[in-house]
Amino acid sequence: RFPPTTVVGDYLVVITITSTIDATRRSTHDLWLHVDPVEAASLKLRPSVVTAGSRGRFGAIVVNEGNVQLDFTVTALDETRVLDTAVQPLTLSVPPASEGIAEITVSGRRPWFGQPSARTVQIGADTPTLQLRALATFNQQPRIPRGLLTMAMLAGIIGLWAFIFLFGVGLLRGQDDPA
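Residues numbered from 1 in each chain as written. Predicted model: local features only at pLDDT ≥ 70, side-chain atom pairs only at ≥ 80, totals over all residues. Heavy atoms only, no water.

Undergrad: Summarise the nonpolar core; cite the residues concerned and give the values.
TA: The biggest cluster of nonpolar side chains holds 28 residues, and the ones touching the most others in it are F72, I104 and I123. At the level of elements, β3 (41-46), β4 (49-52), β5 (55-64), β6 (70-77), β8 (91-94), β9 (99-107), β10 (117-126) and β11 (131-140) are the ones that each hand at least two residues to this core. Non-local contacts of F72, meaning those with residues more than four positions away in its chain, are made with A41, V62, L90, T91, L92, V94, A125, D126, T127 and L132. (Core = buried A, V, L, I, M, F, W, Y, C linked by side-chain atoms within 4.5 Å. Buried < 20%, exposed > 50% of the residue type's maximum accessible area, 1.4 Å probe, protein only. Helix = DSSP H or I, 4+ residues; strand = E, 2+ residues; numbered from the N terminus. Contact = heavy atoms within 4.5 Å.)

Undergrad: Which residues make up the pattern of salt bridges, and what values do they have?
TA: Scanning the model with the defined rule gives two salt bridges in all. Here R57 and E103 are joined by a salt bridge, their closest N and O atoms 3.1 Å apart. Of the two residues, R57 sits in strand β5 while E103 sits in strand β9, which places them 46 residues apart along the sequence. Overall, the relative accessible area of 52% leaves R57 in the exposed class. E103 gets classed as partly exposed once you look at its relative accessible area, which sits at 39%. With a shortest N-O distance of 2.7 Å, D126 and R133 are connected by a salt bridge. The class for R133 is partly exposed, based on a relative accessible area of 41%. (Salt bridge = Lys/Arg side-chain N within 4 Å of Asp/Glu carboxyl O.)

Undergrad: Can you explain unusual backbone geometry? Please cite residues and give values.
TA: R46 connects to P47 through a cis peptide bond whose omega is -10°. In this structure, P47 sits in the loop between β3 and β4. In this chain, Q88 is followed by P89 through a cis amide linkage whose omega measures -10°. Structurally, the position occupied by P89 is in the loop between β7 (84-88) and β8. The phi angle at R81 is positive, at roughly 60°, despite the residue not being glycine. Here R81 shows up in the loop between β6 and β7. For R81, a relative accessible area of 72% gives the class exposed. Despite not being glycine, A97 shows a phi value in the positive range, around 60°. Tracing the sequence through the fold places A97 in the loop between β8 and β9.

Quick look at the structure:
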């Protein structure tokens, strides 16, 4: 077996066979060796999880682990169609034993209140014979964070209680003295 990165082609190999019993007995032969093309690759994301506002970026790293140049078409798909996705460049030509990087930008409307929204984006790199897939997660932060909303509600409750006490004391003071 040869490493998958061995260059495709025909090679003339010279083999010498030596006897283990009598070292003077040896034979030399020529052999043609044919190395077939091997298409193998992997897809990694860097980072695979992004936490941001309305826009996030992922790097799709395609590693060619074979012995022929591969031309990949890179795609990004949000199945909920909440996010807009853009891939730059759309096609990657990756030589053997090297890698290519595509930048994926996702953008979408942020929620106003509540928890961060987790959005899943499926990223693919395809050739006619290979289909590579990876999942990326885009956590969108709300415009008004939950902590700020809680602080505003607590301040409103304290203000309401202060108003009730001051108004109640004013009503009690405004009455005539008892007879």
